[in-house]
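Chain by chain, the residues:
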Amino acid sequence: MITELFPLDEFIINALIAGSMVAMAAGPLGCFLVWRRMAYFGDTISHSALMGVGLGFAFGSQNPFFVILACAFVSMVLLGLQRGNKFSMDTLLGILAHGALSVGLIVIALQEAVRQNMMYYLIGDILSVDQSGIFGVAFMMIVALGGLVLIWKPLLAITVHEDLARVEGVDVLKTKIIYMLLIAMLVAFAMKIIGVLLITSLMIIPAAAARIVSRNPVQMALFSMLIGVASVIMGVFASSIWDIPTGPSVVLSAIVIFLLGRLLPIGART
Amino acid sequence: MPKNSTPLLDLVKVSIAFGKRSILQEVSFSVGQGEIVTLIGPNGAGKSTVMKIALGLLEPDTGSARRARDIAIGYMPQKILIEDFLPLSVRDFLKLRAGTTDQDVEEILKLVRVGHIEDSPVQSVSGGEMQRVLMARALLGNPDLIVLDEPVQGVDIRGQQELYQLIERIRDRRGCGVLMISHDLHMVMSGTDKVICLNRHVCCSGSPDLVQKDPEYHALLGLPGEGLALYTHQHNHSHDLHGNVLADEDNTDHQPEESCDHDH
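Each value, and the rule that gives it
- Residues numbered from 1 in each chain as written.
- Chains lettered and ligands numbered in written order.
- Predicted model: local features only at pLDDT ≥ 70, side-chain atom pairs only at ≥ 80, totals over all residues.
- Heavy atoms only, no water.
- 1 Å grid on protein atoms, 1.4 Å probe; cavity = no way out; pocket = protein on both sides within 12 Å on 5 of 7 lines; lining within 4 Å.
- Points joined across faces, edges and corners; volume = space filled by probe spheres on them.
- Helix = DSSP H or I, 4+ residues; strand = E, 2+ residues; numbered from the N terminus.
- Nonpolar A, V, L, I, M, F, W, Y, C, P; charged D, E, K, R; others polar.
- Core = buried A, V, L, I, M, F, W, Y, C linked by side-chain atoms within 4.5 Å.
- Buried < 20%, exposed > 50% of the residue type's maximum accessible area, 1.4 Å probe, protein only.
- Domains from an automatic or database assignment.
- Contact = heavy atoms within 4.5 Å.
- Pairing = 2+ DSSP bridges.
- Axes fitted to C-alpha atoms, helices over the stretch in contact; angles between N-to-C directions.

**Student:** Pulling in residues and values, what's your account of empty space enclosed by the protein?
**Tutor:** All names here are of chain A. What the rule picks out here adds up to 2 cavities of 30 Å³ or more. Estimates place the volume of the largest cavity at around 40 Å³. What lines the largest cavity is Arg36, Met38, Gln82, Met89, Lys176, Tyr179 and Met180. Looking at which element gives the most residues to the lining of the largest cavity, the answer is helix H10 (residues 172-194), with 3 residues. Its residues placed into classes, the lining of the largest cavity shows 4 nonpolar, 1 polar and 2 charged. In this structure, the second largest cavity occupies an estimated 30 Å³ of space.

In structure tokens, the structure reads:
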């Protein structure tokens, strides 16, 4: 069966390249979501992305800039609400996620052109990525990973204890804003590939799966990239073998790796 | 004590309210170089709030909190909860303070006597060991001012003495200022230069001897009659009779004639 797939069709190769690059950016960024207990933040941002798509179309443009803008706006609202310290992060994220989703759905419903492509934005279409799509994703990956390397130390310090980091001189607000913008950019470029419903899973699941084999934060970030790429490869092949939707099968592949990891008798658990 | 003219930390008439609830009213005190200042007070007295204002983490509604220019501050938070999904060794935790080398980590862990846990995951060390690790973090980078929020919480009695003595030694050696919250005046008595007794406002302050004799202190935290002797006595009882440590409240059942309970 595998032999029938070789030589690989171009669209499969493109899918593997683009998907792998998304996974490599999503893993390390997702590690911090897991460490900061902010898994739901990924959903909040991707729901905001849908709002960005709708607004972009309203202005007659498909530029990812609109998506980044919408995600960044919601992130800043979150930071503003957080300052009051009155509500739990969970609740705030829930309010923002569904607020953004509702705005997005309404804006989209008002426009015939986007409404017909709704499914495309929700679950993406990795098999339709072309050359220019790959360039876009490559650009995103380089900026995301480069940016993360730059804020790695302060972001980790904040993640462990925000007040302590602040007293020690870390610019907490700046670091958080940069991190949120990196996630916004990831979502904006990954949306066409994996869709807004599933992008969070590529941030969370490989990171969680990487935990069991990692002894320090850097290792976990690197393993999460590796596991993400493996999930993309497994998912793309599974999807072409059984003719099932690609995005969901990538996500299920990641979950299979996560579960296999849990079964490993490695004493890395704390 | 050596005391310079400009204090490291100077709080002047600091007041703050959360919503309508007033937390602090016109709290003033200062910490000078080489000075150990201890904040004591009952639960809800605003000790942690004062500390946050002192550190610049919280802005007071009125009044001011001034820190000397360009001083390095070491901070030991009360507790720290690290997600299990984060693989972090004690060494990695300490190196989160910018500019810390492996050698610094080794030395500072030896100083607080937990050199053996350098490679352990932070989530796996005991409560008492974690206190020492947190203290180590506060001592890194040669701070001019060390701020400690209940530094001996969860540490056994002997360890408590040891840690307080360590704080004193570091003050003596480095001449830094120390501000700490403590529950137990008697334990810190010998080392503290100034005690601030806090209950939303400064009830009384001064040398530990003076504060201990102050009626305001007794109304707030003291024991009926004398302080130190009876306190020690009471402590022995709860150990001797039951073989294990009991909460103070239980004593009334067994030792009514001692009236050894706090007069809350």
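**Student:** Give me the nonpolar core: which residues, what numbers.
**Tutor:** Residues and elements named next belong to chain B. Judged by nonpolar contacts, the single largest core of 168 residues is most densely connected at Phe29, Phe93 and Leu94. Counting only domains with at least three residues in this core, you end up with domain 1 (9-72 + 142-227) and domain 2 (80-141). If we skip the residues at most four places from it in the chain, Leu94 touches Thr100, Val105, Ile108, Leu109, Val133, Ala136, Arg137 and Leu140.

**Student:** Please give an account of the sheet that holds strand S6 (residues 145-149) of chain B that cites residues and values.
**Tutor:** In a beta sheet, neighbouring strands pair by backbone hydrogen bonds and run either parallel or antiparallel. Residue and element names in this part refer to chain B. Read from one edge to the other, the open sheet built from 6 strands follows the order S5-S6-S7-S3-S8-S9, with strand pairing classed as mixed. Two strands close off the open sheet at either side, each with one partner strand: strand S5 (73-76) and strand S9 (201-206). Strand-to-strand twist of the sheet, defined as the mean angle between neighbouring strand axes without regard to direction, takes the value 15 degrees. Across 5 bridges, the pairing between strand S8 (residues 194-199) and S9 is antiparallel. The partner of Leu198 across the bridge, within S9, is Val202. Against the sheet, helix H4 (residues 127-139) engages S5 and S6, with an angle of about 165 degrees to S5.

Coordinates in, geometry out; function isn't part of it.
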